[in-house]
Amino acid sequence: MKEAIQRSNRNLLLTRIENSIGAGIPDLLICDEKGVFHFVELKFLTSNNVTLQPSQVAWLSRHNHSPSWILIKKQNKPMDEPELFLFPASAAVDLKMEGLQSVEPIHHQKGKFNWEVILNLICLT
């Protein structure tokens, strides 16, 4: 995603969050051109089980009114085409409890990803 932002036509600032104190805070903070912050939890799956920790579900649920997202890359086997799913923070409980197929994503891509579309959805332009 870092490379996608660098190649983007957008002027976005990316900060990777490595936080051992504030459990559950998403992995990525994006500051858009208007100074608005967007949080993104990044997940990689090889099945439909979404491995959100309880602290992540709690944080995303508590902040579900904010521009916070869950971005999932899924690839069952190395030779399979990868898929990308974008969900709002409000989907965290259902994703954790029922898996990837339980919630309709805001956006889904398969194969080569169009990062401009994803970034525009995350930053709501």
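Residues numbered from 1 in each chain as written. Predicted model: local features only at pLDDT ≥ 70, side-chain atom pairs only at ≥ 80, totals over all residues. Heavy atoms only, no water.

As a further point, take the overall build of the chain. Along the chain, the regular secondary structure elements total four helices and six strands. Ordering the α and β elements of the chain from the N terminus gives α-β-β-β-α-β-β-α-β-α. Rg of the C-alpha trace for the chain: 14 Å, near the compact-globule value of 14 Å for 125 residues, within the 12% margin. Dimensions of the chain along its principal axes, counting C-alpha atoms only, are 35 × 35 × 25 Å. For the chain, the residues scored as buried account for 44% of the 125 residues in total. For the chain, the accessible surface area stands at approximately 7,300 Å², while carbon and sulfur atoms represent 51% of it. Looking at the chain, you have 13 positive and 13 negative side-chain charges, and the mean spots of the two groups are 3 Å apart. (Helix = DSSP H or I, 4+ residues; strand = E, 2+ residues; numbered from the N terminus. Rg over C-alpha atoms; globule rule 2.2 N^0.38 Å. Buried < 20%, exposed > 50% of the residue type's maximum accessible area, 1.4 Å probe, protein only. Areas by Shrake-Rupley, 256 points an atom, 1.4 Å probe, with all protein chains shown as cover. Lys, Arg positive; Asp, Glu negative; His and termini not counted. Charge placed at Lys NZ, Arg CZ, Asp CG, Glu CD.)

Summed over the entire model, instances satisfying the criterion amount to three aromatic pairs. Taking 6.3 Å as the distance between ring centres and 15° as the angle between the ring planes, the aromatic pair formed by Phe85 and Phe87 counts as stacked. Here Phe85 and Phe87 have matching classes, each one buried. (Phe/Tyr/Trp six-rings, centres within 6.5 Å; stacked < 30°, edge-to-face > 60°.)

Spatially, six strands are ordered E1-E2-E3-E4-E5-E6 in an open sheet, and the strand pairing comes out mixed. Each having just a single partner strand, strand E1 (13-16) and strand E6 (107-110) make up the two edges of the open sheet. Neighbour-to-neighbour, the strand axes of this sheet turn through a mean angle of 20°, independent of strand direction. Sitting on the sheet, helix H4 (residues 115-122) touches strand E2 (28-31), strand E3 (37-45), strand E4 (68-74), strand E5 (83-88) and E6, and the angle it makes with E6 is about 165°. (Pairing = 2+ DSSP bridges. Axes fitted to C-alpha atoms, helices over the stretch in contact; angles between N-to-C directions. Contact = heavy atoms within 4.5 Å.)

Let us now look at the pairing of E5. Burial runs high along E5: five of the six residues are buried. Here E4 pairs with E5 via six bridges, running antiparallel. For Trp69, the partnering residue across the bridge sits in E5 and is Pro88. Of the strand pairs in this sheet, E5 and E6 are connected by four bridges, and their pairing is antiparallel. Residue pairing across strands places Leu86 opposite His107, the latter belonging to E6.

Here we take up the pattern of salt bridges. Two side chains of opposite charge can pair, provided their charged atoms sit close to one another. Considering all chains together, one arrives at four salt bridges under this definition. Arg7 serves as the salt-bridge partner of Glu3, at 3.8 Å between the closest nitrogen and oxygen. Of this pair, Glu3 and Arg7 both sit in helix H1 (residues 2-7), four residues apart, roughly one helical turn. Both residues of the pair, Glu3 and Arg7, count as exposed. One salt bridge connects Glu18 with Arg16, and the closest N-O pair in it is separated by 3.3 Å. (Salt bridge = Lys/Arg side-chain N within 4 Å of Asp/Glu carboxyl O.)

The quantities given are spatial measurements derived from coordinates; they are silent on function.
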